[in-house]
Amino acid sequence: TEIVDEYLVSEDVDELRDDLLALHSPMLHYEFVRRAVTLAMERNNRERELVSVGLSELYGARAVSAEQFGKGFERLFEVADDLSLDIPKAKKFMSQFLARA
């Protein structure tokens, strides 16, 4: 989540991509997607939009594969009911993120 927090301050998508790729863990990018969306759902509209744009850019630049994106969202939907307890609009937000990606 540190990478996402830095991105929300800098709003620099290139830095976001570089920081993610610097982790050298492409098989764990799904976890980044899951955590980024979860974090964003707890934030304000502007920050949710920034994370949405960032994820869309990562997908478009092929920094995160379609498989990893899918797995990240699959994991989110597995815990959607639990997330909804803390974030009442969680399912709506997840759908919006998925539609944008």
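Residues numbered from 1 in each chain as written. Predicted model: local features only at pLDDT ≥ 70, side-chain atom pairs only at ≥ 80, totals over all residues. Heavy atoms only, no water.

Asks: Sorry if this is basic, but what is going on with the packing of aromatic side chains here?
Replies: To describe a pair of aromatic rings, you give the distance between the ring centres and the angle between the ring planes. Evaluation of the coordinates by the stated rule reveals 2 aromatic pairs. Ring plane angle 80° and centroid distance 5.2 Å describe the contact between Tyr59 and Phe69, whose orientation is recorded as edge-to-face. Within this pair, whereas Tyr59 is found in helix H4 (residues 45–60), its partner Phe69 is found in helix H5 (residues 66–78), the two being separated by 10 residues in sequence. The buried category is assigned to Phe69, whose relative accessible area is 5%. Aromatic pair Phe69 and Phe73: ring centres 6.2 Å apart, planes at 20°, arrangement stacked. Here Phe73 and Phe69 lie together in helix H5, a separation of 4 residues that amounts to about one turn. Residue Phe73 is classed as buried on the basis of its relative accessible area of 3%. Through a chain of ring-to-ring contacts, three or more aromatic side chains come together here, namely Tyr59, Phe69 and Phe73. (Phe/Tyr/Trp six-rings, centres within 6.5 Å; stacked < 30°, edge-to-face > 60°. Helix = DSSP H or I, 4+ residues; strand = E, 2+ residues; numbered from the N terminus. Buried < 20%, exposed > 50% of the residue type's maximum accessible area, 1.4 Å probe, protein only.)

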